[in-house]
Amino acid sequence: MSREWPLWEVFIRSQHGLAHKHVGSLHAPDAEMAVNNARDVYTRRNEGVSIWVVRAADIVASSPSDKGALFEPANSKVYRHPTFFPMPEEVKNL
Amino acid sequence: MAHLPDPKLAYLLRQGDNALILSQQLSQLCGKGPALEEDMALTNVALDLLGQTRMWLAYAAELQGGDEDTLAFLRDAHEMHCCLLVEQPNGNYADTMMRQFYFDTWHYFLMQGLLTSTDARIAQIAEKSIKEVTYHLRRSGDLVVRLGDGTPDSHAKTQAAADALWMYSGEMFLYDALDDAMVAQGVAAASAPLRAAFLEHVGEIFAEATLTLPDPSAWMQRGGKQGRHTEHLGFILAEMQFLQRAYPGAEW
């Protein structure tokens with residue numbers, strides 16, 4: 001077994017109402033210390049109101065080589081964007 | 001002991017010097033922590049304590065004259081009023097964390113007690129400090145459990161640190177006439193409940209850490225609060241005060 005502490009990915013919610021955002025990673029022996037370490041490493045400048053940590057090994061990611069098959073088919077399907085509706089002038093901020 | 005006519009001034013210097021010297025000790029580990037995350041955490045604690053130092057010494061300076069900087073950088077060892085615990089060497093990481101844990105436990109219960117101080121300014125400092133100190137205690141207690149209940153090697157080192165530092169863990173509860181005067185005025189928190197809370201919390205954490213609690217009735221070192229220090233403080237001050245001694249008035 002590796003003597004290194006496992007890697008954790010850190011997600012911080014900066015203010016109420018916003019989603020947690022990935023801010024970086026760190027090493028910690030378990031979840032509790034990962035949260036403590038995240039607090040010490042990533043919230044020193046008042047960045048957060050909430051912390052999530054997840055073992056980096058537990059994240060399942062898409063492969064970069066699958067990019068073409070996964071994402072390119074959506075390129076040519078502009079009709080999936082709701083851009084064909086005339087917006088009334090009164091409606092702001094959409 | 002330096003002449004201290006005002007018990008409140010002495011009380012403020014004692015609190016401020018504790019935070020100042022422990023902060024300096026932890027700052028020496030900046031860049032040398034056992035892991036990046038621990039390094040950052042120690043440095044954060046050092047900065048928290050330095051912030052608290054400023055509040056205590058700024059208040060002390062109002063009573064005595066001068067300012068927080070002259071108090072921090074131009075007093076010699078016999079004029080410093082920190083307890084002996086904080087000037088003990090960083091040693092290995094078990095030593096550093098055990099010193100921190102003893103200090104944090106006392107500090108936490110003291111700040112709780114000072115929340116209701118009759119001195120509004122002191123109550124305010126306690127109010128500002130308590131959140132930081134709560135986290136310090138949570139962290140150092142957690143690490144004591146991990147180190148104590150870790151490998152045979154980490155257990156042995158942590159028990160050795162607990163035993164070696166124990167004789168410095170009682171001074172904070174040994175009140176002299178100046179402390180008693182502050183308690184009588186409702187400014188300071190009484191010693192007996194603080195010590196009971198200290199022993200209870202240390203006992204709980206040690207049980208979880210599979211460590212043996214040293215004898216609570218053991219003889220305790222004393223003198224730091226009155227300005228009689230171990231040989232370590234002189235070296236700490238030599239480094240901490242060098243710049244202001246060599247280049248008086250130098251600014252960032």
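Whatever comes next refers back to the structure up there.
Note that the coordinates shown come from a computational prediction; the quantities given were computed from them, not determined experimentally.

### A word on the overall build of chain A
Helix and strand counts for chain A stand at two helices and three strands. Relative to the 2.2 N^0.38 estimate, which gives 12 Å for 94 residues, the radius of gyration of chain A is 20 Å and therefore markedly larger than a compact globule would have. Projected onto the principal axes, the alpha-carbon positions of chain A cover approximately 60 × 35 × 15 Å. Looking at chain A as a whole, 15% of its 94 residues are labelled buried.

### Brief notes about the pairing of strand β1 (residues 7-13) of chain A
One face of the sheet, then the other: side chains in a regular strand alternate in exactly this way. Residue and element names in this part refer to chain A. A one-sided burial pattern is seen for β1, the buried positions being Trp 8, Val 10 and Ile 12 and the unburied ones Leu 7, Glu 9, Phe 11 and Arg 13. Taken together, the six bridges between β1 and strand β2 (residues 21-27) define a ladder with antiparallel strand orientation. In the strand pairing of β2, Val 10 is matched with Gly 24. Examined bridge by bridge, β1 and strand β3 (residues 50-55) share six bridges and lie antiparallel to one another. When the sheet's bridge partners are listed, Trp 8 is paired in β3 with Arg 55.

### Digging into the interface of chain B and chain A
The interface of chain B with chain A comprises six residues on the first partner and eight residues on the second. For the side of chain B that touches chain A, the element with the most residues is helix α2 (residues 36-64) of chain B, which contributes four residues. By residue class, the composition of the side of chain B that touches chain A is three nonpolar, one polar and two charged.

### Brief notes about the environment of Ala 238 of chain B
Within the secondary structure layout, Ala 238 of chain B lies in helix α9 (residues 232-246). Separated by 38 residues in the primary sequence, Ala 238 of chain B and Glu 200 of chain B place their C-alpha atoms 37 Å from one another.

### Structural notes on the sheet that holds β3 of chain A
All names here are of chain A. In spatial order, the strands read β2-β1-β3; together these three strands make up an open sheet with antiparallel pairing. At either end of the open sheet lies a strand with only one pairing partner, and these are β2 and β3. The average angle at which neighbouring strand axes cross in this sheet is 30°, direction not considered. The sheet strands contacting helix α1 (residues 31-42) are β1, β2 and β3, and the helix crosses β3 at an angle near 125°.

### Quick word on the nonpolar core
Residues and elements named next belong to chain B. In terms of nonpolar packing, the biggest core is built from 73 residues, with Trp 56, Ala 60, Leu 85, Met 98, Trp 106, Val 144 and Leu 165 touching the most fellow members. Of the residues forming this core, the biggest block, 12 residues, is contributed by helix α4 (residues 93-114). If near-sequence neighbours (up to four positions away) are discounted, Trp 56 is found in contact with Leu 12, Gln 15, Gly 16, Ala 19 and Ile 125.

### Observations regarding the packing of α4 of chain B against helix α8 (residues 191-208) of chain B
Residues and elements named next belong to chain B. One can describe the packing of α4 onto α8 by two numbers: an axis separation of 9 Å at closest approach and a directional angle of 140°. Taken together, α4 and α8 sit at an angle that is classed as oblique. The crossing of α4 and α8 is right-handed. Taken together, the residues of α8 that come into contact with α4 (itself represented by Thr 105, Trp 106, Phe 109, Leu 110 and Gly 113) are Leu 194, Ala 197, Phe 198, His 201 and Val 202. Residues that form the contact of α4 with α8 fall into these classes: seven nonpolar, three polar and no charged.

Scoring rules and cut-offs
Residues numbered from 1 in each chain as written. Chains lettered and ligands numbered in written order. Predicted model: local features only at pLDDT ≥ 70, side-chain atom pairs only at ≥ 80, totals over all residues. Helix = DSSP H or I, 4+ residues; strand = E, 2+ residues; numbered from the N terminus. Rg over C-alpha atoms; globule rule 2.2 N^0.38 Å. Buried ≥ 20, exposed ≤ 12 C-beta atoms within 10 Å, placed from the backbone. Pairing = 2+ DSSP bridges. Contact = placed C-beta atoms within 7 Å. Nonpolar A, V, L, I, M, F, W, Y, C, P; charged D, E, K, R; others polar. Axes fitted to C-alpha atoms, helices over the stretch in contact; angles between N-to-C directions. Core = buried A, V, L, I, M, F, W, Y, C linked by C-beta atoms within 7 Å. Parallel < 35°, antiparallel > 145°, perpendicular 65-115°, else oblique. Left-handed = near helix turned anticlockwise from the far one by under 90°.

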